[in-house]
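Chain by chain, the residues run as shown.
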Amino acid sequence: MTQSDLSSPRLVALGGGGGSAQVLLGARPFFGERAAVIAVTDSGRSTGAARMIADIPAPGDLRNLLATLAAEPDGPLARLMQYRLRSAALPLLDGMAVGNLLLGGLAQMEGDFAAAVATARQMLGCPEQVLPVSTANTRLCAELADGRIVVEEAAVRALGKPPIRRLFLDPPAAAYPPALAAIAAADLVVIGPGSFYTSLLATLCFAGVVEALRATPATVVFVCNTTVQPGQTDGMTIADHVARLVEVLGPGVLDVVLMNDAHALHPAVAARYSAAGLHPLVVTEADRQAIRALGVEPLVRELAEPDPGPRELWNKADTIRHDPQMLGLALWKIALDRAG
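Residues numbered from 1 in each chain as written. Predicted model: local features only at pLDDT ≥ 70, side-chain atom pairs only at ≥ 80, totals over all residues. Heavy atoms only, no water.

Peer 1: Mind laying out the packing of aromatic side chains, listing which residues take part and the relevant values?
Peer 2: As enumerated under the stated definition, the model contains four aromatic pairs in all. Ring geometry for Phe30 and Trp332: centres 6.1 Å apart, planes at 15°, overall stacked. Within this pair, whereas Phe30 is found in the loop between α1 (17-27) and β2 (33-38), its partner Trp332 is found in helix α14 (residues 324-338), the two being separated by 302 residues in sequence. A relative accessible area of 22% places Phe30 in the partly exposed class. Arranged with centres 5.3 Å apart and planes meeting at 85°, the rings of Phe196 and Tyr197 form a pair that is edge-to-face. The same class applies to Phe196 and to Tyr197, which are both buried. Each residue in the set Phe30, Phe31 and Trp332 is aromatic and connected to the rest through ring pairs, giving one cluster. (Phe/Tyr/Trp six-rings, centres within 6.5 Å; stacked < 30°, edge-to-face > 60°. Helix = DSSP H or I, 4+ residues; strand = E, 2+ residues; numbered from the N terminus. Buried < 20%, exposed > 50% of the residue type's maximum accessible area, 1.4 Å probe, protein only.)

Peer 1: Give a detailed account of the packing of helix α3 (residues 60-69) against helix α5 (residues 98-110), specifying residues and quantitative values.
Peer 2: Closest axis-to-axis distance for the α3/α5 pair is 9 Å, and the angle between their directions is 110°. If you check the angle between α3 and α5, you find them roughly perpendicular. Seen from α3, the contacting residues are Gly60, Arg63 and Leu66; seen from α5, they are Gly99, Asn100 and Leu103. For the contact of α3 with α5, the residue count by class is two nonpolar, three polar and one charged. (Axes fitted to C-alpha atoms, helices over the stretch in contact; angles between N-to-C directions. Parallel < 35°, antiparallel > 145°, perpendicular 65-115°, else oblique. Contact = heavy atoms within 4.5 Å. Nonpolar A, V, L, I, M, F, W, Y, C, P; charged D, E, K, R; others polar.)

Peer 1: Tell me about the pattern of salt bridges, and name the residues and values.
Peer 2: On inspection of all chains with the given rule, the structure shows 15 salt bridges. One salt bridge in this structure joins Arg166 and Glu143, with 2.6 Å as the shortest N-O distance. Taken together, the residues span a long stretch of sequence, with Arg166 in strand β6 (residues 164-170) and Glu143 in strand β4 (residues 139-144) at a distance of 23 residues. Looking at Arg166, the relative accessible area reads 41%, which means it is partly exposed. The closest approach of N and O atoms between Arg244 and Glu247, which form a salt bridge, is 3.3 Å. Here Glu247 and Arg244 lie together in helix α11 (residues 238-249), a separation of three residues that amounts to about one turn. Accessibility expressed as a relative area gives 57% for Glu247, which makes it exposed. Each of Arg28, Arg34 and Glu128 takes part in a single network of salt bridges with overlapping partners. (Salt bridge = Lys/Arg side-chain N within 4 Å of Asp/Glu carboxyl O.)

Nothing here speaks to function; it is all geometry.
Here it is in structure tokens:
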């Protein structure tokens, strides 16, 4: 990024709906142009049902992001997007997020999934550009360490299976061209935080995304999760996360890894998450050395949000989220330091 870019730097968040929302909320005071490139391969209960009903890519991460970034996130439309129907008579709709059906209806009305997302963004008044990584309705699959193939995201993130060896799409699919254009025009591309395999690496499976990241002049930052994810990153160190990402991207693409200082967590908070299998990721000197050996700069900051207490999340495990303000400040500092 050049000095002239600092007047209106462009940030692109790449990943799932929750982590990208934290990045973009934190980036608002510092980055004049902000965009999200969001995963579309979820096959969970509500999203999976919406995909079957409307024959669309996964809408759930996009719905969550749009509602969170809405001009009035506590207003009736944003709340309706997140509201889940209760229907004992129709089990397929029981627990369905209304926003998933809205995106499905808009896709059929507009004749295009990306147009549906754009219309929903306009309805909600989101200041950020929100883009699906692809408009293809495809399945995320994985080859496991024992050679078995599992199909659909729900199986890829299932508990108790061997480690994931590689991800692929069935059928193969190309990225949405405007998403690639956003990466090409960015000053800072932020990968994560989010589900490591089923959100972050899943977006890299679409043809063109890795090539766009290799070609962009932007600084590429990986925001590592605060904890391991059962079913995805069991037993992985922070350096293991970075090594797998570098393996996918190729050498010289990833510039910085931003990591939370787990030592700043209250011991009772760390113990509560550890008891649920969500062990905090601790940065060690071995991690730092291994990351530097990969050609990536390791940065450790206090990034965790204040503990809100146990949360009830729909069909997902709770986690220690990043604080948007602290994350935004850290990303802005990276942008400043990398400008030259």
